[in-house]
Amino acid sequence: MSTNSILAPGSVRLGLASVSKDDAIRACGQVLVEAGAATPEYVDGMFARELQVSTYIGEGVAIPHGTNESRGYIKAPALGFLQFPEGIDWDGNEVKVCIPIASAADDHLGILASLAEILMEPEAAEQLRTTGSVDEVLTLLSPAEEN
């Protein structure tokens, strides 16, 4: 599955004002709802997941997603990309990028693999945190076989 089919340009939000962690999770859920990927109830599952385990993964990135029980509220696989240049306090960690996930299967694994590679390259991770270009986000997060 290609990046463009699960991470649409309209689901990329750059240069957002710093907000609370809860407001960031709500914004992430809203992106997935607006994309037609999830119902509003899925957002509750995103909060429930965060109570189970933090979705902060390092290098200023969090990947909010729902619990297994909330997968019934997913209508289609999708990702979002929300950039908070001033950072968000995520339980003591600074998050500048949130990548919300709606997936009932493994549709998102290629992008997560690309993200893992990016996070091992400080320059690429910095690009994600600071870019002002939707196209650059889509290119950076394209699975390697698409680049």
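Residues numbered from 1 in each chain as written. Predicted model: local features only at pLDDT ≥ 70, side-chain atom pairs only at ≥ 80, totals over all residues. Heavy atoms only, no water.

**Points about the pairing of strand β6 (residues 93-98)**
Now for step 1: Where strand β3 (residues 61-62) and β6 come together, two bridges link them in parallel fashion. Across the sheet, A62 pairs through a bridge with C98, a residue of β6.
Now for step 2: Where strand β5 (residues 81-90) lies against β6, five bridges are found, and the strand directions are antiparallel. Of the residues in β6, the one forming a bridge with I88 is V95.
Now for step 3: What sits between the antiparallel neighbours β5 and β6 is a turn of two residues, in which D91 has the positive phi angle 55 degrees. (Pairing = 2+ DSSP bridges. Helix = DSSP H or I, 4+ residues; strand = E, 2+ residues; numbered from the N terminus.)

**Some thoughts on the sheet that holds strand β1 (residues 12-13)**
Now for step 1: Spatial strand order, β1-β5-β6-β3-β2: five strands in an open sheet with mixed pairing. Either end of the sheet is taken by a strand with one partner, and the two such strands are β1 and β2 (56-58).
Now for step 2: Sitting on the sheet, helix α5 (residues 122-130) touches β5 and β6, and the angle it makes with β5 is about 95 degrees. (Contact = heavy atoms within 4.5 Å. Axes fitted to C-alpha atoms, helices over the stretch in contact; angles between N-to-C directions.)

**Focus on α5**
Now for step 1: Of the positions making up α5, those classed as buried are A124, A125, L128 and R129. Take α5 and look down its axis: the buried residues cluster within an arc of 145 degrees, on one side only. Opposite the buried face of α5, by more than 90 degrees, sit the exposed residues P122, E123 and T130. (Buried < 20%, exposed > 50% of the residue type's maximum accessible area, 1.4 Å probe, protein only. Arc of directions from axis to C-beta.)

**Concerning the pattern of salt bridges**
Now for step 1: Throughout the structure, instances matching the rule amount to six salt bridges.
Now for step 2: Between R129 and E126 there is a salt bridge, with its nearest N and O atoms 2.8 Å apart. Taken together, the positions of R129 and E126, both in helix α5 and three residues apart, correspond to about one turn of that helix.
Now for step 3: Residue classification places R129 among the buried positions, given a relative accessible area of 14%.
Now for step 4: In this structure E126 comes out as partly exposed when scored by relative accessible area, which is 36%.
Now for step 5: Here the salt bridges share partners, and the residues they tie into one network are K21, E50 and D91. (Salt bridge = Lys/Arg side-chain N within 4 Å of Asp/Glu carboxyl O.)

**Some remarks on the confidence of the model for the protein**
Now for step 1: In the predicted model, the protein carries a mean pLDDT of 89, and 91% of its residues have values of at least 70.
Now for step 2: Mean pLDDT across the elements of the protein bottoms out in helix α1 (residues 3-6) (64) and peaks in helix α2 (residues 21-34) (98). (pLDDT = per-residue confidence, 0-100.)

**What about the environment of W90?**
Now for step 1: Along the chain, W90 falls in strand β5.
Now for step 2: Residue class for W90 comes out buried when judged on its relative accessible area of 0%.
Now for step 3: Taking the C-alpha atoms as reference points, W90 and S54, separated by 36 residues in sequence, lie 8.4 Å from one another.
Now for step 4: In this structure, W90 is in contact with K21, A24, I25, E50, S54, T55, Y56, A62, P64, V95 and C98, ignoring residues within four places of it in sequence.
Now for step 5: A distance of 3.1 Å separates polar atoms of two side chains, one belonging to W90 and the other to E50. (Polar contact = N/O pair within 3.5 Å; in protein donor to acceptor, adjacent residues only side chain to side chain.)

**Focus: the pairing of β5**
Now for step 1: With seven of 10 residues buried, β5 is to be regarded as a mostly interior element.
Now for step 2: Of the strand pairs in this sheet, β1 and β5 are connected by two bridges, and their pairing is parallel. Bridge assignment links R13 to a residue of β5, and that residue is L82.

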